[in-house]
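Understanding the architecture of this molecule
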Amino acid sequence: MQAHEQILKDVNAFCEKLRPTEDVCYLEHRYNDQIIPLASEFDILGLPVPEEFGGRGASNRTYVRAIERIGMEGSGVRSVFSVHSSLAQKTLVRFGTDAQKEKYLRPSAKGKVIFAFALTEPDAGSNPQEMKTTFKEDGGSYLLNGTKYLITNAGIADAAIVFAKAAGGAMSAFLVDMKTEGIEKEDLVSKMGTPTTNTGMFELASCRIPKENLVGKEGAGWEIAKQALVDGRMSVAAGCVGSIRDCLAEAVAYSKERTQYGKPIAKHQLIQEHIAAIKLHLDSSKMMVRRATAFREKWDQSPSDRELLSKADLAVAEAKLFCANAACDAADRAVQVLGGRGWSYLYRPGRHLVDNRVCRIYEGADEILKLKIASGVLGESYRAFS
Ligand SMILES: Cc1cc2nc3c(=O)[nH]c(=O)nc-3n(C[C@H](O)[C@H](O)[C@H](O)COP(=O)(O)OP(=O)(O)OC[C@H]3O[C@@H](n4cnc5c(N)ncnc54)[C@H](O)[C@@H]3O)c2cc1C
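Residues numbered from 1 in each chain as written. Predicted model: local features only at pLDDT ≥ 70, side-chain atom pairs only at ≥ 80, totals over all residues. Heavy atoms only, no water.

1. Considerations on the side chain of lysine 191
Threshold: Only runs of H or I of at least four residues qualify as helices and only runs of E of at least two qualify as strands under DSSP, and these elements are numbered from the N terminus. For every residue, the accessible area obtained with a 1.4 Å probe (protein chains only) is divided by the maximum for its type, and the residue is called buried under 20%, exposed over 50%, and partly exposed between those limits. Counted as positive: Lys and Arg. Counted as negative: Asp and Glu. His and the chain ends are not counted at all. Here, a salt bridge means any Lys or Arg side-chain nitrogen found within 4 Å of an Asp or Glu carboxyl oxygen. N or O atoms within 3.5 Å of each other form a polar contact, as long as, within protein, one can give a hydrogen and the other can take it, and as long as residues adjacent in sequence are counted only when both atoms are side-chain atoms. Two residues qualify as a contact provided that any one of their heavy atoms is within 4.5 Å of a heavy atom in the partner residue.
Along the polypeptide, lysine 191 turns up in the loop between β6 (183-187) and β7 (199-210). Here lysine 191 is buried and forms no salt bridge, its nearest opposite-charge partner aspartate 355 lying at an N-O distance of 8.3 Å. Only 2.7 Å separates the side chain of lysine 191 from the backbone oxygen of threonine 197, close enough to count as a polar contact. Within the structure, the side chain of lysine 191 is placed 2.7 Å from the side chain of threonine 199, a separation counted as a polar contact. Apart from residues lying up to four places away in sequence, lysine 191 is in contact with Thr197, Asn198 and Thr199.

2. Things to note about the domain arrangement of the protein
In plain terms, the rule: An automatic or database domain assignment supplies the start and end points of every domain. In short, buried area is how much 1.4 Å probe accessible area vanishes from two parts on joining, totalled over both. Side-chain classes follow a simple rule in which Ala, Val, Leu, Ile, Met, Phe, Trp, Tyr, Cys and Pro form the nonpolar group, Asp, Glu, Lys and Arg form the charged group, and the remainder, Gly included, forms the polar group.
Examined at the domain level, the protein breaks down into domain 1 (3-114), domain 2 (116-215) and domain 3 (221-382). For domain 1 and domain 3, the distance between their C-alpha centres works out to 20 Å. The partner domain 3 presents 34 residues to the 25 residues of domain 1 that form the contact. Among the residues domain 1 hides against domain 3, the three largest losses belong to Tyr26, Glu68 and Met72. Together they make up 24% of the total. In this assembly, domain 1 and domain 3 are joined by 7 salt bridges. A salt bridge links aspartate 231 to lysine 90; the nearest nitrogen and oxygen atoms lie 3.6 Å apart. The tally of links from domain 1 across to domain 3 stands at 9 residue pairs in polar contact (both at pLDDT 80 or more). Of all the elements in the fold, those that place two or more residues in the side of domain 1 that touches domain 3 are α1 (3-27), α3 (60-71) and α4 (75-95). No other element matches the 10 residues that α4 contributes to the side of domain 1 that touches domain 3. The residue inventory of the side of domain 1 that touches domain 3, partitioned by class, reads 7 nonpolar, 9 polar and 9 charged.

3. Things to note about the site of the ligand
Filter applied, for reference: Note on definitions. A residue lies near a molecule or strand when any single heavy atom of the residue is within 4 Å of it. Surface exposure here means Shrake-Rupley accessible area, sampled with a 1.4 Å probe, where a residue is shielded only by the protein chains that are shown.
In the vicinity of the ligand lie 18 residues, with Phe117, Thr120, Ser126, Leu150 and Glu367 positioned nearest. Within the side chain of threonine 120, one N or O atom sits 2.6 Å away from a nitrogen atom of the ligand. At a separation of 2.9 Å, a nitrogen atom of the ligand approaches a polar side-chain atom of threonine 152. About the coverage of the ligand: the protein hides 64% of its 980 Å² of free accessible area. Mapped by element, the contributors of at least two residues to the shell around the ligand are β3 (141-152) and α10 (366-378).

4. With respect to the packing of α1 against α3
For any two helices packed against each other, one specifies the inter-axial angle together with the distance between the axes. Stated precisely, the cut-off is as follows: Helix axes are fitted only over the stretch in contact, all axes being lines through C-alpha atoms; the angle between N-to-C directions runs from 0 to 180 degrees. Oblique is the label for every angle not falling under 35 degrees (roughly parallel), over 145 degrees (roughly antiparallel), or within 65 to 115 degrees (roughly perpendicular). Crossings are classed by handedness, with left-handed meaning an anticlockwise turn of the near helix from the far one by less than a right angle and right-handed meaning a clockwise turn.
Their axes nearest at 9 Å, the elements α1 and α3 cross at an angle of 15°. With respect to their mutual orientation, α1 and α3 come out roughly parallel. For the pair α1 and α3, the sense of crossing is right-handed. Here His4, Ile7, Leu8, Val11, Asn12, Cys15 and Glu16 of α1 lie close against α3, whose contacting residues are Thr62, Arg65, Ala66, Arg69 and Ile70. Along the lines of polarity and charge, the residues of the contact of α1 with α3 split into 6 nonpolar, 3 polar and 3 charged.

5. A closer look at the environment of asparagine 32
Mapped onto the secondary structure, asparagine 32 falls in the loop between α1 and α2 (35-41). Sequence separation between asparagine 32 and asparagine 198 is 166 residues; the distance between their C-alpha atoms is 8.8 Å. Discounting residues that sit within four places of it in the chain, asparagine 32 has contacts with Leu18, Thr21, Glu22, Cys25 and Thr196. Within polar-contact distance, the side chain of asparagine 32 engages the side chain of threonine 21 at 3.2 Å.

6. Overview of the nonpolar core
Applied cut-off: Buried residues of nine kinds, namely Ala, Val, Leu, Ile, Met, Phe, Trp, Tyr and Cys, make up a nonpolar core once their side-chain atoms join them within 4.5 Å.
Of all hydrophobic cores here, the largest spans 60 residues; its most connected members are Val11, Phe14, Ile44, Leu47 and Phe81. Of all the secondary-structure elements, those providing two or more residues to this core are α1, α2, α3, α4, α6 (221-257), α7 (269-301) and α8 (306-342). The element best represented in this core is α8, accounting for 15 residues. If you count residues domain by domain, this core takes at least three from each of domain 1 (3-114) and domain 3 (221-382). Beyond its immediate chain neighbours, meaning those up to four positions away, leucine 47 contacts Ile7, Val11, Arg56, Gly57, Ala58, Tyr63 and Ala66. Membership of the second largest hydrophobic core comes to 27 residues, among which are Leu105, Ala109, Val113 and Ile224.

7. Side note on the layout of surface pockets
Our working definition: Here a cavity denotes a set of grid points, spaced 1 Å apart and computed over the protein atoms alone, in which a 1.4 Å probe fits but from which it cannot get out, and a pocket denotes an open set meeting protein on both sides within 12 Å along at least five of seven lines; residues with an atom within 4 Å of a point are reported as lining. Grid points are joined across faces, edges and corners, and a volume is the space filled by probe spheres set on the points.
Computed from the structure, the second largest pocket encloses a volume of approximately 320 Å³. Around the second largest pocket, the lining is made up of 14 residues, and of these Lys90, Val93, Arg94, Arg296 and Asp300 lie nearest the centre. Listing elements by their share of the lining of the second largest pocket, those giving two or more residues are α4 and α7. Its residues assigned to classes, the lining of the second largest pocket shows 6 nonpolar, 3 polar and 5 charged. Shared between two domains, the lining of the second largest pocket takes at least three residues from each, and those domains are domain 1 (3-114) and domain 3 (221-382).

This is the structure in structure tokens:
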């Protein structure tokens, strides 16, 4: 069997085995502690990590297909992979030293190290450049101080890629062991959706980070973050495709089974309008993701080519904006097809409706991506932000 097919088979087996526990945890609004052990069991926690570092070496294409499948289980489960693999592992593959790859990347591919990616702060969201977390050199190591907010996996991660600024200077990225003295975590318990996965904040109070844990060069943090977001956004877009596919399957199955006015509701024309709209969302979102993947692959072939990076960045931004909005509308329509039963967490459309909403906020809110796309059309001098 081809590696590509085996990866997709393993991802599918993981999703099928996870679903019963996910159903229960969602209803009880609690963290699903089976996600990581099951993902380890099926060896899917290092999908994009090269085989030489213990991963599965998935191509961009295969990885995107895997994330689409995981997205069917919900944006919450998918976000664990978006952060651990798309944002963190891919960043280490690109910028990590050999020693960092041995110490963090290799165990992460087997689920022995789970990653978070900490850019956002209470006063720095859409514009991470406004961050207040600082670093300074002190006796051969770095001291980090600040607060990271709204961080996926914060409460369960073993290590995080943390961004901080030198006083009055540029941003740098650090690999931070989450057991380091001076780190205090707090879960975000009041969030609207994705209850089965972890989101939290943490404070860094004079956290001492070894010099060898600097990722890339000092001052390269913003470039590292921007490149990471290309892959992060791609995973959000791909996950939305999966969510739309699941909404379509649920709406079709229910509409054929449920009868009103003496026939299956699937025979009522206005229900068919919802089905047609969801199908269009699925097909168009898939095309946007395939297109973005093609740009992403071209950039991979020539990683230092700024023009290819810029094209991939724009295509991915378009896909993420488009797919996130399509996924919200698809879930809304699927809920409508299910009628009163749709307005319940017992059925997945209702969960997708709540969970997909955050896809329009994180990794570049709709407004930020629109501005980015517009300046891509209008030209650099019309760029609304750096
Ligand atoms: C569940 C969840 C998980 C997350 N996980 C992570 C994570 O793992 N790591 C991480 O670093 N971050 C994470 N985030 C943070 C996320 O990336 C930010 O919430 C997002 O970037 C928006 O920042 P903000 O919430 O501060 O909103 P703000 O930046 O305050 O924006 C508020 C509103 O103003 C709009 N706005 C801002 N600037 C402009 C402008 N120039 N023009 C027009 N409109 C503008 C925005 O689009 C938005 O609608 C997560 C967030 C959530 C909700």
